[in-house]
Amino acid sequence: MQKIKSLMARQGLKSPQESMADLSPVENLRIPSTEEMRELRQQPIDPQAEQEIIDSIEEVYFSNDSFDMVRHELEKLPPELNLQELEEYRDKLKRQQAAVSKRVADLILEKQPSYVKELERVTALQANLQLAAVICTNARRQLRVSKEEFTEASLGLLANQRRRQLLTGLLKSLRTIKTLQRTDVRLSEMLEEEDYPGAIQLCLECQKAASTFKHYSCISELNSKLQDTLEQIEEQLDVALSRTCKHFDVLHYTKVQKAYTLLGKTQTAMDQLHMHFTQAIHNTVFQVVLGYVELCAGNADTKFQKMQYKDLCTHITLDSYIPCLTDLCKALWEVMLSYHRTMQWHEEHDKQKTVPSQDDAAGEPDELTVDRSYVKKKLEHGLTRIWQDVQLKVKVYILGTDMSNFKYDDFIVVLDVISRLMQVGEEFCGSKSEVLQESIKRQSVNYFKNYHRARLEELRMFLENETWELCPVKSNFNIAQLHEFKFMGQCRSPSVSPSRQAASSAGPALKELSLFQQYHQDGNPFEMHIEHKEEETEDVLASNGYESDELEKSVYQDYDSDSDVADELKQDYVDEQTGDAPLKSVSRETIRSKKKSDYNLSKACAPILTNTTLNVIRLVGKYMQMMNILKPIAFDVIHCVSQLFDYYLYAVYTFFGRNDMYESSGLGLISSRLRTTLNRIQESLIDMDPVGENAGVHGPPEDRKEKVPSPHLSQMVILTDSGTLYGLAQRVVATESLVFLAEQFESLQSHLDTMMPAAKKPFLQQFYSQTVSTASELRKPIYWIVAAKAIDYEQMLLMMAGVKWDIKEIMSQHNVYVDVLLKEFEQFNKRLGDVSRHVRIPLPVSNVLWEHCIRLANRTLVEGYANVKKCSNEGRALMQLDFQQFLMKLEKLTDLRPIPDKEFVETYIKAYYLTENDMEQFIKNHREYSMKQLANLVNVCLGSHINKKARQKLLAAIDDIDRPKR
């Protein structure tokens, strides 16, 4: 740039600034001199050559204005100077300078028209500026004149008016500030009145007003004070929110929620609320348990307050366990009820907000929608969390005490309370309460094992001291009348606690209400089980064994009288025999004949049972009640119930039915099913080793602990006295009480089946099909002993041995042994009547007794006939006459039809007339006869119609039949 300026100076040109100072509007542009133009024309005119010269110039010449070209060129000179080279380099520099000067001159000439135009614009601008200066001078002169014409008084008036307006605004501000300074008193009053929304509204308005006057220095202190007050309000609001966790009040909670809404902290309030509920659960259970622990400790020792809740629960005594548990559940119920009512409040509040917003739903702020959604989800999730906290606290309390030594009623109360709590949990959040179920199952299994073991020992003691006397109960006795079975009378789910029965029995309307609806305002579901327990009464015992004087008199009436039989008795006759209702076609005579065989003597057909039977039934009721409340241990309980029945059945069999003569009788008195059942009971339940002997030899101690020693019959029970028909009364009471017990088990099967886990139902079915159904089968072996001893069959054999059977003429008079045998039966009949005056003998029992006696008598007859050495056809006819006489008289004594083993005798007598071939076929087909009886039949026929060869053949056939048995 400096070079261009020097070139311009050398050519007589000036910069625009210099030209502006010198030019006049009329001055013409300077034209280059002739010499300059000539010099320029002398320069090479070839543009390409000119460009090459310019390109040959070093780059350093174009760098900046501060470049010192002289110094540069001098520094380039070599140490030794050569004049010719210097001149040549100088000429080169000149040519370069000339080329640059020419190019600059050309550029200047090219831009000269634009330069001229710009100078003209500058000239015009100068003229405008001179005009503006004149206008400004005139304006200042006119302003000076205006100032002189207007008075300073007028302007002062306007200034004062403006100042007045400012002071009025200031006074308003000062009054507002004064009011703000006094709001703290009003805020304190509103907080005492628990008007939280009003206090927050006032505080927020004050803060807004304070922000308007923040330019005042006193307001900064007021702002700080208002912020502290707002924080204090939030703290008190948090305390007020925590109070709703135990005692929910709609008005109080509405104020609190409105206050949080004004603060814009609805979500924060919900988070705080759940934290308070968790804290309320912890504090509540701790204070309840601590109160009972300190009360039981009886001193002011404060060490308990520093204990953990888990350790504190271990200090609860057995006496205070149930009251403490009840109070614990009551307190937790209050917390859950508050949470439930909190959810209800929000549901109703959302409905009220939703209805008016339907018209202008688009105008509803998104924040409100988000808050409602957040609150709803938080409350729903909180249900499970709150219930989980409750379960864990109660679980710690349940497992903190060993319940194995609790009384049954106390343990049932515990189960009842926990079951009611689980019902609350199900209604609260739909939970199955797995935590509570697992903890109470652990305690129940532990308790039930000890309880069942003690009850089995108790049952053994009862059985060993039982005199098998009739327990007088009313004729309409039913297990549902026992308070242990009251729970079955209610139509409800087995998972519902018994204490709910009182509520469900109060009326159908209450059944449809949940616990939270029933106790919405007042009351507590954990107070009902005590009242329910006090209301339990039962009336099942008859006075002196009879229900009225008329019934007592009827006992001693002749049972063969022609008086009408009551409908109940008719029904009872048929029920006990077949289990069916009486048919309309049954004749009056048949009913009368049946009455002759039923030795109940009109004793109202009351069930036959003993005190021990009643005790077992009560135990079953208690077991079922426990199972009903706590289904997870249903299988364990049912297994123990089956053991009660097994032990009772085994005891009755051991006392009255065990006899080595069964096998030799050949009557099949014990079926294979009954024998299998008895063997199973003996192996699984009966400890056959005496106490203290061979301990630890027969199986591990755990297995022996599950077993019970075999019971022993009381010495007061005499079974050898013929005057009492060998203890027939006791046998009837024992056997029929077992049958009655089996009938009660049958009636309970459907109920037990509903409680049994599906995987374990085959066990229940097997128990009923193989054990309960075999109870009535014990009648045969037990009553057979009476039948075998009641009639002197040996005397009859001796008398038959003295009869001559090889007579030659047909006799018209039967033998004396028939009359003696019939007298024995009449005496037996009379003894049955005597026994029935004390104990009712049901029709199935009398039938079994008569069947045994007749069967034994008929087999004795066959045995007597088989002892005959010689017999003629007339002798066989006499045998038939004796047997027909026996049957004719016997049919008058008993209603039993058909007569048992009648064909057994008749077939044997008629076999005397068979030919050789028929006799051989008879031997093969009739294996019910003994080898002796068949051999005697062949020997007696020898000489009449069977020769010796045939005799040998027949005896060989008999021997072939007998050989596999040996």
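Model, not experiment: these values are computed from the prediction.

Analysis parameters
Residues numbered from 1 in each chain as written. Predicted model: local features only at pLDDT ≥ 70, side-chain atom pairs only at ≥ 80, totals over all residues. Heavy atoms only, no water. Phe/Tyr/Trp six-rings, centres within 6.5 Å; stacked < 30°, edge-to-face > 60°. Helix = DSSP H or I, 4+ residues; strand = E, 2+ residues; numbered from the N terminus. Buried < 20%, exposed > 50% of the residue type's maximum accessible area, 1.4 Å probe, protein only. Lys NZ or Arg CZ within 6 Å of the ring centre and 35° of its normal. pLDDT = per-residue confidence, 0-100. Contact = heavy atoms within 4.5 Å. Arc of directions from axis to C-beta. Patch = residues over 30% accessible without salt bridge, like charges linked within 9 Å, V, L, I, M, F, W, Y side chains within 5 Å. Areas by Shrake-Rupley, 256 points an atom, 1.4 Å probe, with all protein chains shown as cover. Salt bridge = Lys/Arg side-chain N within 4 Å of Asp/Glu carboxyl O. Core = buried A, V, L, I, M, F, W, Y, C linked by side-chain atoms within 4.5 Å. Axes fitted to C-alpha atoms, helices over the stretch in contact; angles between N-to-C directions. Parallel < 35°, antiparallel > 145°, perpendicular 65-115°, else oblique. Nonpolar A, V, L, I, M, F, W, Y, C, P; charged D, E, K, R; others polar. Left-handed = near helix turned anticlockwise from the far one by under 90°. Polar contact = N/O pair within 3.5 Å; in protein donor to acceptor, adjacent residues only side chain to side chain.

**A look at the packing of aromatic side chains**
Tallying each qualifying case throughout the model produces 30 aromatic pairs. On the basis of an interplanar angle of 75° and a centroid distance of 5.4 Å, the ring pair of Phe635 and Phe763 is categorised as edge-to-face. Of this pair, Phe635 sits in helix 25 (residues 634-657) while Phe763 is found in helix 30 (residues 761-770), placing the two residues 128 residues apart along the sequence. A residue is classified by how much of its surface remains accessible, and Phe635, at 23% relative accessible area, is partly exposed. Phe763 sits in the partly exposed class, given a relative accessible area of 25%. Between the aromatic rings of Phe883 and Phe886, the centroid separation amounts to 6.4 Å while the plane-to-plane angle is 35°, which identifies the pairing as tilted. Taken together, the residues span about one helical turn, with Phe883 and Phe886 both in helix 35 (residues 873-893) at a distance of 3 residues. Across the pair, Phe886 and Phe883 agree in class, each one buried. Grouped by ring-pair contacts, the aromatic residues Tyr408, Phe411, Tyr447, Phe448, Tyr451 and Tyr623 constitute a single cluster. Of note, Arg455 hangs over the ring of Tyr451, and the distance from its end group to the ring centre comes to 4.5 Å. If you follow Lys760 out to its NZ or CZ, it ends over the ring of Phe635, 4.6 Å from the centre.

**Topic: the confidence of the model for the chain**
Here the chain shows a mean pLDDT of 78. Residues at 70 or above account for 75%. Throughout residues 357-363 the model reports pLDDT below 50, and contacts reaching past four residues in sequence, or to other chains, amount to 1 contact.

**Digging into the environment of Ala877**
Its place among the elements puts Ala877 in helix 35. We classify Ala877 as partly exposed; its relative accessible area is 24%.

**Here we look at helix 37 (residues 916-925)**
Structural remark: α-helix, 3.6 residues per turn; residues separated by three or four positions point the same way. Taken as a whole, helix 37 has its buried residues at Met919, Glu920, Phe922 and Ile923. Considered in projection along helix 37, the buried side chains sweep an arc of 160° and stay on one side of the axis.

**Re a nonpolar patch on the surface**
Together, Met69, Val70, Leu74, Leu77 and Leu81 make up an exposed nonpolar region whose accessible area comes to about 450 Å². Here Leu74 lies in helix 5 (residues 69-76). The class of Leu74 is exposed, set by a relative accessible area of 53%.

**What to know about the nonpolar core**
Judged by nonpolar contacts, the single largest core of 222 residues is most densely connected at Phe825 and Phe886. In terms of residues, this core owes the most to one element, helix 25, which gives 16 residues. Those residues within four positions of Phe825 in sequence are excluded, and the remaining contacts are Ile791, Trp850, Cys853, Ile854, Ala857, Phe886, Leu890 and Leu893.

**Comments concerning the pattern of salt bridges**
Under the criterion given, the structure shown has 26 salt bridges. Close ionic contact of Lys76 with Glu58 constitutes a salt bridge, the shortest N to O distance being 2.3 Å. Within this pair, whereas Lys76 is found in helix 5, its partner Glu58 is found in the loop between helix 4 (47-55) and helix 5, the two being separated by 18 residues in sequence. Residue classification places Glu58 among the partly exposed residues on the basis of a relative accessible area of 31%. With a closest N to O distance of 3.3 Å, Asp106 and Lys102 form a salt bridge. On the criterion of helical spacing, the pair formed by Asp106 and Lys102 is a turn pair, its members being 4 residues apart in helix 6 (residues 83-149).

**Examining the packing of helix 32 (residues 793-801) against helix 33 (residues 816-836)**
Contact pair helix 32 / helix 33: the axes reach a minimum separation of 9 Å and the direction vectors enclose 170°. By the angle class used here, helix 32 and helix 33 are roughly antiparallel. Residues Gln795, Met796, Met799 and Met800 of helix 32 form the contact with helix 33, whose own contacting residues are Val816, Tyr817, Val820, Leu821 and Glu824. Classifying every residue of the contact of helix 32 with helix 33 by side-chain character gives 7 nonpolar, 1 polar and 1 charged.

**Structural notes on the packing of helix 15 (residues 408-429) against helix 16 (residues 434-465)**
Two elements in contact, helix 15 and helix 16, have axes separated by 11 Å at closest approach and are oriented at 165°. It follows from the interaxial angle that helix 15 and helix 16 lie roughly antiparallel. The crossing of helix 15 and helix 16 is left-handed. In contact with Tyr408, Phe411, Val414, Leu415, Ile418, Leu421 and Met422 of helix 15, helix 16 contributes Leu436, Gln437, Ile440, Gln443, Ser444, Tyr447 and Tyr451.

**Notes on the side chain of Ser404**
Its place among the elements puts Ser404 in the loop between helix 14 (366-399) and helix 15. There is a polar contact of 3.1 Å between the side chain of Ser404 and the side chain of Asp402. Look past the residues within four positions of Ser404 in its chain and what remains in contact with it is Asn446, Tyr447 and Asn450.

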